[in-house]
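Descriptive structure summary
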Amino acid sequence: MGIVENQGLALNVSAEPRFLFDVPESWSLEDAATVPVVYCTVYYALVVRGRMKQGESILIHSGSGGVGQAAIAVALSYGCRVYTTVGTQEKQKFLMEKFPTLTQDCFANSRDCSFERHIMRQTNRAGVDLVLNSLSGELFEASLRCLSKYGRFLEIGKYDLSQNKHIGKNKKQY
């Protein structure tokens, strides 16, 4: 499996060896095809753009999705304090089994703004250093309010941007 810079929709592609990885025996090729893009997205967002450092705190929305799982794995490998949102108890259970270091207090609801109160309570009102966001509307605004002073907001959702939505009362475009 791997990733190429461009012209990847073809029968044959040329790729640099550093961007190719062996597919584990237990994976299907379909499963393997999903891995490089989510991990590249996460690496670029958290490490390159977000400048994530050991010991920081992060809120990762939709933790049970592909990008969410990759983000949790990368953040934990950096020694970060991870908070994540999920939509169901089953998804929370799945993530707790996959990432045993995540405890009950690491989880909040992704379906409403209650995650904001949870994060502020867990961080003693300080907020988190990074937010990896994919939510829109009022959930987007609540995510912004979860940031600590000088925190970094990493937006990977497209809906609000495609709708030319504004942030807050100042109606700044983003």
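My aim in this report is to walk through the structure given alongside it, one point at a time. Small disclaimer: the values here were computed from a predicted structure and weren't measured.

Criteria and thresholds
- Within every chain, residues take consecutive numbers counted from 1 along the sequence as written.
- A pLDDT threshold of at least 70 governs which residues receive local features in this predicted model, and a stricter bar of 80 or more applies before side-chain atom pairs are shown or counted, although totals over entire chains, interfaces and linings include all residues.
- Based on all heavy atoms of the structure, the side-chain values leave hydrogens and waters out of the count.
- Joining through side-chain atoms within 4.5 Å is the link that ties buried Ala, Val, Leu, Ile, Met, Phe, Trp, Tyr and Cys residues into a set, and such a set is a nonpolar core.
- Only protein chains enter the accessibility calculation, which uses a 1.4 Å probe. A residue is then buried if its area is under 20% of the maximum for its type, exposed if over 50%, and partly exposed in between.
- Two strands make a pair as long as DSSP finds a minimum of two bridges between them.
- Secondary structure counts use DSSP, requiring at least four H or I residues in a row for a helix and at least two E residues in a row for a strand, with both numbered from the N terminus.
- Axis lines are fitted through C-alpha atoms, for helices just across the contact stretch, and the angle between N-to-C directions can take any value from 0 to 180 degrees.
- When two rings of Phe, Tyr or Trp (its six-membered ring) have centres within 6.5 Å they constitute a pair, described as stacked for plane angles under 30 degrees, edge-to-face for angles over 60, and tilted for the intermediate range.
- An angle below 35 degrees is read as roughly parallel, one above 145 as roughly antiparallel, one from 65 to 115 as roughly perpendicular, and any other as oblique.
- Pairs of residues are marked as contacts when any of their non-hydrogen atoms sit within 4.5 Å.
- Here the term charged refers only to Asp, Glu, Lys and Arg, the term nonpolar to Ala, Val, Leu, Ile, Met, Phe, Trp, Tyr, Cys and Pro, and the term polar to all other amino acids, Gly among them.
- Polar contacts, as counted here, are pairs of nitrogen or oxygen atoms within 3.5 Å of one another; within protein the pair requires one atom able to donate a hydrogen and one able to accept it, and residues that are adjacent in sequence qualify only if both atoms are side-chain atoms.
- Salt bridge, as used here, is a side-chain nitrogen of Lys or Arg placed within 4 Å of a carboxyl oxygen of Asp or Glu.

Once that is clear, we can look at the nonpolar core. Core analysis: the largest hydrophobic core is formed by 24 residues, its most contacted members being L46, M52, I58 and I60. Ranked by size, the runner-up nonpolar core spans 13 residues in total, among them L59, A108, V131 and A142.

Reading across the sheet, the five strands line up as β3-β2-β1-β4-β5 and stay open at both edges, with parallel pairing between neighbours. Only two strands of the sheet have a single neighbouring strand rather than two, namely β3 (107-109) and β5 (147-155). Across this sheet, the average inter-strand angle for adjacent strands is 20°, counted without regard to direction. As paired strands, strand β1 (residues 57-60) and strand β2 (residues 81-86) are joined by four bridges and run parallel to one another.

Moving on, we come to the packing of aromatic side chains. The final tally for this structure, using the stated rule, is one aromatic pair. A centroid spacing of 5.2 Å and a plane angle of 75° characterise the contact between F140 and F153, whose relative ring orientation is edge-to-face. Taken as a pair, F140 in helix α5 (residues 138-145) and F153 in strand β5 lie far apart in primary sequence, 13 residues in all. The buried category is assigned to F140, whose relative accessible area is 3%.

Bringing the packing of helix α4 (residues 114-122) against α5 into the picture now. Remark: α4 packs on α5, axes separated minimally by 9 Å, with the N-to-C direction vectors making an angle of 10°. Accordingly, the angle class assigned to the pair α4 and α5 is roughly parallel. For the pair formed by α4 and α5, the contact residues are F115, E116 and M120 on the first element and L139, A142, S143 and R145 on the second. Along the lines of polarity and charge, the residues of the contact of α4 with α5 split into four nonpolar, one polar and two charged.

Before going further, it helps to examine the environment of I3. For I3, the position within the fold is in the segment before α1 (29-49). In the structure, I3 is positioned 33 residues away from P36 in sequence and 6.2 Å away in space, judged by C-alpha atoms. Leave out the neighbours within four places in its chain, and I3 touches A15, F19, P36, V37 and C40.

Within the secondary structure, S110 is located in the loop between β3 and α4. For S110, a relative accessible area of 11% puts it in the buried group. At 3.4 Å, the side chain of S110 forms a polar contact with the backbone nitrogen of G87. Contacts of S110, omitting those with residues within four sequence positions, involve T85, V86, G87, L135 and L139.

Applying the stated criterion to the full structure yields five salt bridges. The salt bridge involving K93 is made with E97; its shortest N-O contact spans 3.8 Å. Taken together, the residues span about one helical turn, with K93 and E97 both in helix α3 (residues 89-98) at a distance of four residues. Between R145 and E116 there is a salt bridge, with its nearest N and O atoms 2.9 Å apart. Of this pair, R145 sits in helix α5 while E116 sits in helix α4, and the two are 29 residues apart along the sequence. One salt-bridge network, held together by shared partners, links K53, E56 and R152.

The subject of this paragraph is the environment of S57. Note on placement: S57 falls in strand β1. Residue classification places S57 among the buried positions, given a relative accessible area of 11%. Residues in contact with S57, not counting those within four places in the same chain, are R81, Y83, G127, V128, D129 and L130.

Despite not being glycine, S62 has its phi angle at roughly 55°, a positive value. Structurally, the position occupied by S62 is in the loop between β1 and α2 (66-77). You will see that R125, though not glycine, has its phi angle at about 70°, which is positive. In this structure, R125 sits in the loop between α4 and β4 (128-133). Relative accessible area serves as the criterion here: at 64%, R125 is assigned to the exposed category.

Distances and angles like these do not, on their own, reveal function.
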